[in-house]
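Architecture and fold: a report
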Amino acid sequence: MRLAFKIALRFLKSGKGQTILIVLGISIGVAVQLFIGSLIQGLQINLVNTTIGSSSQVTITSTSEDKLIDNWDRTLYEASLFSPDVINVSVAADGPATIDYETDTAQVLIRGFNIQDSNEIYKIQEGIYAGRVPERKDEVAIGRELSLLAGIETGDRILVLNPGGGSARFDVTGLYDLGVSSINESWIITNLQTAQDFLGMGDKVSSVEMQVSEVFEADIIGERIVYALSDKSLRVDNWKDQNQSLLSGLNGQSVSSYMIQVFVLVAVLLGISSVLAISVVQRSKQLGILKAMGIKDREASLIFVFQGLMLGILGAIMGVAFGFGLLYSFTKFAVNPDGSPVVPIYINYGFIALSGMFAVASAMIASLIPARISSRLNPIEVIKNG
Amino acid sequence: MADIVRLEEIDKFYGEKIKTQVLFDVNLTFEENSFNSIIGQSGSGKSTLLNIVGTLDKPTNGRVYINDRRTDTMNPVQLADLRNRTMGFIFQFHYLLPEFTAKENVLMPSRIMNYQVTTEINQWADELMDLTGLTKVKNNMANAMSGGQQQRTAIARALINKPSIVLADEPTGNLDSDTSENIYGLLRDINKEYGTTFIIITHDQRIAEKTDRIVEIKDGRINLDVKR
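Residues numbered from 1 in each chain as written. Chains lettered and ligands numbered in written order. Predicted model: local features only at pLDDT ≥ 70, side-chain atom pairs only at ≥ 80, totals over all residues.

Focus: the overall build of chain A
- Looking only at helices and strands, one finds 15 helices and ten strands in chain A.
- Here chain A has a C-alpha radius of gyration of 32 Å; the compact-globule value for 386 residues is 21 Å, and the former is much larger.
- Along the three orthogonal principal directions, the C-alpha set of chain A runs to about 105 × 50 × 25 Å.
- For chain A, contacts bridging at least 24 residues in sequence account for 81% of all contacts bridging at least 6. (Helix = DSSP H or I, 4+ residues; strand = E, 2+ residues; numbered from the N terminus. Rg over C-alpha atoms; globule rule 2.2 N^0.38 Å. Contact = placed C-beta atoms within 7 Å.)

Pasting the structure below:
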């Protein structure tokens, strides 16, 4: 075993050019795998953040006749029992309304929140670009699109009509931009009490919203919440069920990322295997004489397994370094006008370790073919051919 | 004296579809401590015979005994072990490992037997290299030596495990006549000093005449067997 290792090391050292080429081949494979993997993971996390990161991921609504949750304090408490899986629990009192501005009317959605709690989900505070968040009763914030459409500024009073025919006037204290134009166009954000009074809900709310720490487990967490709720008329929805197309897009992206990685792996595997196989042919004289001198077939095969192992380890280390270099230059050169990277890179050390280990394992697997050839090599063939 | 090598009714065929018979019913023995030569034209089957003795090749029919142990029925692991412990090979080409130094090459069969090189083995390697006149070049890489030095390294390598038999296939085929003379002198000295049995293929008549026994192979049969 030690002799095989020593011989393997010497073979690698003496064929420096070839060794460097193979190590380079493996490391580029690892680097590409690491780069593509990190890029796609970053893209996915970024996509999840922008699409569902600022919205309710698990939502509790009522199936009762008025569609309202009566004892919402209890529901809120029951949902928060699932911390830390469940984060940012908040209630909302929602209802449709019509806003009547100088020249026209527009359909809007009144959303009454406990602003402090909902801010964690919707990042309202961050979205306010003029004025401040509504704090007192009859104060509201409206979105950028609606403000442009209706010509509303902070400090204006707006007239809003509810479906029951009632109307109210609210003070606009802030203008927000939550990054989604359909929200900016339709949501009128206010505090809970204003919405409840305007919509005639009494002390009820229309939904309990929450986010979860593992977004892709929203459905599982949702199911667990169902069991914990004492009010059986409540129903629990999750973003995965409500956004099937987004989910399948994300899944498609993951699958294509795996495919790319598998093909890179196969290419690396074949590359190492063929170079090592050639090196068996190159070293067949040496192997022949070693066998004539009594080296056992197993030991002779081990020479190539050790070569594969050493090449794999070297290639993996260099590949990880290259990969980091690529990621670094990507974040430096592929940037938006404001200097932020086009795709924020997400470094997953587990993934990097796994990809390095894959390279080592594949180099070893690749060495099995030449190991087999060398084990079968008959010294007489070599000696006869001179 | 006892026979160290015994060949009984050896036939050897080559080829799968068209079979060519190379050896015909060969019966041959070699004594311990003897210095033998095998001569014959190229294609006569002498190398095949030597390879069968060396367990590198197997006879199609017949039995091969080394030290009274039958070898043609052994498995590859047993054969490898037998070759490593009891045989030394010297070929027309030196077949040194170019990745290693002269001394590392000499020590290789010993490392195959047991990776650790003891002080005695190390001293023995130095002694062999001294005997073969390689002391100055022992740390040279194998391909940084002259042809004669390389072949002498191969000889030292063949002797490191103190084999009871050394098989040499035209060991000086590539060397000039002066160097050849030297090398045969060396082999003879080793034979006398350590009692190693030598079986040497040569087509050099002068060298054959210096050996204790000449076996001539012709068309796969023993044509002549002269002991002196």
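Let's talk about the overall build of chain B
- From N to C terminus, chain B includes seven helices and ten strands.
- Its C-alpha radius of gyration of 17 Å places chain B within 12% of the 17 Å reference for a compact globule of 228 residues.
- Across the 228 residues in chain B, those meeting the buried criterion constitute 48%.
- In chain B, once contacts between residues fewer than 6 apart in sequence are set aside, the share between residues at least 24 apart is 69%. (Buried ≥ 20, exposed ≤ 12 C-beta atoms within 10 Å, placed from the backbone.)

Comments concerning the domain arrangement of chain A
- According to the domain assignment, chain A contains domain 1 (2–51 + 247–384) and domain 2 (64–232).
- The straight-line distance from the C-alpha centre of domain 1 of chain A to that of domain 2 of chain A is 53 Å. (Domains from an automatic or database assignment.)

Structural notes on the interface of chain B and chain A
- If you look at the interface, chain B gives 22 residues, while chain A gives 18 residues.
- Secondary-structure elements contributing two or more residues to the side of chain B that touches chain A are α2 (76–86) and α3 (102–113) of chain B.
- For the side of chain B that touches chain A, the element with the highest residue contribution is α2 of chain B, accounting for six residues.
- By residue class, the composition of the side of chain B that touches chain A is 15 nonpolar, two polar and five charged. (Nonpolar A, V, L, I, M, F, W, Y, C, P; charged D, E, K, R; others polar.)

Digging into unusual backbone geometry
- A positive phi is found at Thr 55 of chain B, a non-glycine position, where the angle reads about 60°.
- On the secondary structure map, Thr 55 of chain B appears in the loop between α1 (46–53) and β4 (61–66).

Structural notes on the pairing of strand β2 (residues 20–31) of chain B
All names here are of chain B.
- The pairing of strand β1 (residues 3–14) with β2 spans eight bridges and is antiparallel. In the sheet register, Lys 12 faces β2, and the bridge partner there is Leu 23.
- The turn linking β1 back onto β2 is made up of five residues, and Gly 15 within it adopts a positive phi angle of 90°. (Pairing = 2+ DSSP bridges.)

A few points about the packing of helix α5 (residues 147–159) of chain B against helix α6 (residues 177–194) of chain B
All names here are of chain B.
- Put simply, α5 and α6 touch, their axes get as near as 11 Å, and they point 15° apart. Considering their axes alone, α5 and α6 lie roughly parallel with respect to each other. Here α5 and α6 pass one another in a crossing that is right-handed. In this structure, α5 uses Gly 148, Gln 151, Arg 152, Ile 155 and Leu 159 to contact α6, whose residues at the interface are Thr 179, Ile 183, Leu 186 and Ile 190.
- Taken together, the residues of the contact of α5 with α6 sort by class into five nonpolar, three polar and one charged. (Axes fitted to C-alpha atoms, helices over the stretch in contact; angles between N-to-C directions. Parallel < 35°, antiparallel > 145°, perpendicular 65-115°, else oblique. Left-handed = near helix turned anticlockwise from the far one by under 90°.)

Examining the sheet that holds β1 of chain B
- Taken in spatial order, the four strands of this open sheet run β2-β1-β4-β5 (chain B), and their pairing is antiparallel. The open sheet terminates on both sides in strands that have one partner only, identified here as β2 and β5 (69–70) of chain B.

What about the sheet that holds strand β3 (residues 35–39) of chain B?
Residue and element names in this part refer to chain B.
- Ordered in space as β6-β7-β8-β3-β9-β10, the six strands form an open sheet in which the pairing is mixed. Both outer strands of the open sheet, β6 (87–90) and β10 (221–227), are each paired with one neighbouring strand and no more. Shown here is a sheet whose adjacent strand axes are inclined to one another by a mean of 15°, direction ignored.
- The sheet contact formed by β3 and strand β9 (residues 213–218) spans four bridges and is parallel. Within β9, the residue paired with Ile 38 across the bridge is Val 215.
- α5 contacts β6 and β7 (165–169) of the sheet and is inclined by roughly 170° relative to β6.

Quick word on the environment of Ile 272 of chain A
- In this structure, Ile 272 of chain A sits in helix α11 (residues 244–282).
- Sequence-distant contacts of Ile 272 of chain A, defined by excluding residues within four places in its chain, comprise Ile 22, Ile 26, Gly 308, Leu 311, Ala 363 and Ala 366 of chain A.

As for the nonpolar core
- Judged by nonpolar contacts, the single largest core of 109 residues is most densely connected at Ile 26 and Ile 272 of chain A together with Leu 167 and Ile 199 of chain B.
- At eleven residues, the largest contribution of residues to this core is made by helix α13 (residues 297–333) of chain A.
- When near neighbours in sequence (up to four residues on either side) are disregarded, Leu 167 of chain B contacts Leu 50, Val 53, Gly 54, Met 87, Phe 89 and Ile 199 of chain B.
- Val 86, Leu 178, Ala 218 and Ile 221 of chain A belong to the second-largest nonpolar core, a separate cluster that totals 52 residues. (Core = buried A, V, L, I, M, F, W, Y, C linked by C-beta atoms within 7 Å.)

Quick notes on the packing of α3 of chain B against α5 of chain B
Residue and element names in this part refer to chain B.
- With their axes 7 Å apart at the nearest point, α3 and α5 run at an angle of 30° to one another. Relative to α5, α3 is oriented roughly parallel. Crossing geometry of α3 relative to α5 is assigned as right-handed. On α5, the residues touching Ala 102, Asn 105, Val 106, Met 108 and Pro 109 of α3 are Thr 153, Ala 156 and Arg 157.
- A class-by-class count of the residues in the contact of α3 with α5 yields five nonpolar, two polar and one charged.

Remarks on α2 of chain B
- Inspection of α2 of chain B places Ala 80, Arg 83, Asn 84 and Thr 86 of chain B among the buried residues, and these make up the whole buried set.
- Packed against the buried residues of α2 of chain B are α12 (284–292) of chain A together with β4, β6, α3 and β7 of chain B.

So, helix α8 (residues 192–199) of chain A
Residue and element names in this part refer to chain A.
- Most of α8 sits out of view: six of its eight residues are buried.
- Turning to α8, its buried residues number three or more, namely Leu 192, Thr 194, Ala 195, Gln 196, Phe 198 and Leu 199.
- Where α8 is buried, its residues touch β2 (86–100), β3 (105–113), β7 (167–176) and β8 (187–191).

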